[in-house]
Amino acid sequence: MPQSAKDIDESSEELEEELKSKTEIKREMHDLQDFAQSLIEMSKHQRSRLPLSDDLKDAMILADKITNKHEALRRHIRHTAKILLETDLEPINHAIEVMANKHQQETAKFVRLESIRDELIEQGKDAVEALISEFPQIERQKIKQLIRHAAKEKKAEKLGKHYKNLFNYLKENA
């Protein structure tokens, strides 16, 4: 007989595990195998940034050695999936999401810097003051000079060296 609410919760969890159908168990295992394969297909540099256990690291090293042996790799993927079954996948998934999102963050930063550059050229002095208040490390004289040269290029409709220099300066300091 259950003695407390905790015992009831534990017994209900055990019942849920027992009630999993064979199809659900197979589906979960196939998902783990797919995840293991995606880990194996990552570059060594990407995997080095993941919080993998020692067993998983060893499995990845072995997988790198047998990538050209199809049947051995298939069996090894199944073995890696079994290791993953006993592993907390949340930190690994989080690290993968961060790596995937990094490219999107860089793109967003690039677009933001382009809009700041265009704003500086269009608005001039007011935009410079707002930029310097946001990023105090920017040199007032240098940024004004870059803006002046980039504005001349834009008026002449020949965007080139100074337009790029302004962007690069913003990229380094903003």
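Residues numbered from 1 in each chain as written. Predicted model: local features only at pLDDT ≥ 70, side-chain atom pairs only at ≥ 80, totals over all residues. Heavy atoms only, no water.

(A) Seen up close, the overall build of the protein. Within the protein one finds nine helices and zero strands. Written out in order from the N terminus, the α and β elements of the protein read α-α-α-α-α-α-α-α-α. The buried share among the 174 residues of the protein stands at 29%. Within the protein, residue pairs in contact and separated by at least 24 positions form 61% of the contacts whose partners lie at least 6 positions apart. Carbon and sulfur atoms provide 50% of the accessible area of the protein, an area that totals close to 12700 Å². (Helix = DSSP H or I, 4+ residues; strand = E, 2+ residues; numbered from the N terminus. Buried < 20%, exposed > 50% of the residue type's maximum accessible area, 1.4 Å probe, protein only. Contact = heavy atoms within 4.5 Å. Areas by Shrake-Rupley, 256 points an atom, 1.4 Å probe, with all protein chains shown as cover.)

(B) Examining the nonpolar core more closely. Core analysis: the largest hydrophobic core is formed by 22 residues, its most contacted members being Leu39, Leu50, Leu84 and Ile92. Top contributing element to this core by residue count: helix α2 (residues 22–41), with six residues. When near neighbours in sequence (up to four residues on either side) are disregarded, Leu50 contacts Leu39, Met42, Ile92, Ala95, Ile96 and Met99. Ranked by size, the runner-up nonpolar core spans 20 residues in total, among them Val128, Phe135, Phe167 and Leu170. (Core = buried A, V, L, I, M, F, W, Y, C linked by side-chain atoms within 4.5 Å.)

(C) Looking closely at the packing of helix α8 (residues 140–155) against helix α9 (residues 161–173). Look at α8 against α9: their axes get within 7 Å of each other, and the N-to-C directions meet at 145°. Judged by the twist between their axes, the crossing of α8 over α9 is left-handed. Here Lys142, Ile143, Leu146, Ile147, His149, Ala150 and Glu153 of α8 come into contact with α9, specifically with Lys161, His162, Tyr163, Asn165, Leu166, Tyr169 and Leu170. Residue composition of the contact of α8 with α9, grouped by class: eight nonpolar, three polar and three charged. (Axes fitted to C-alpha atoms, helices over the stretch in contact; angles between N-to-C directions. Left-handed = near helix turned anticlockwise from the far one by under 90°. Nonpolar A, V, L, I, M, F, W, Y, C, P; charged D, E, K, R; others polar.)

(D) Structural detail: the pattern of salt bridges. As enumerated under the stated definition, the model contains seven salt bridges in all. Note that Glu28 and Lys20 form a salt bridge whose closest N and O atoms lie 3.3 Å from each other. Given the relative accessible area of 37%, Glu28 is considered partly exposed. By relative accessible area, which is 33% here, Lys20 ends up partly exposed. (Salt bridge = Lys/Arg side-chain N within 4 Å of Asp/Glu carboxyl O.)

(E) Expanded view of the packing of aromatic side chains. This model, assessed by the stated rule, comprises one aromatic pair. Centroid distance Phe110 to Phe167: 5.0 Å. Interplanar angle 70°. Geometry classified as edge-to-face. Residue Phe110 is located in helix α6 (residues 90–123), and its partner Phe167 is located in helix α9; the two are separated by 57 residues in the primary sequence. Under the relative-accessibility criterion, Phe110 is labelled partly exposed at 41%. (Phe/Tyr/Trp six-rings, centres within 6.5 Å; stacked < 30°, edge-to-face > 60°.)

(F) Up close: the environment of Tyr169. Its location among the elements puts Tyr169 in helix α9. On the basis of relative accessible area, Tyr169 is assigned to the buried category, the value being 9%. Setting aside residues no more than four positions away along its own chain, Tyr169 makes contact with Ile138, Glu139, Lys142, Ile143 and Leu146.

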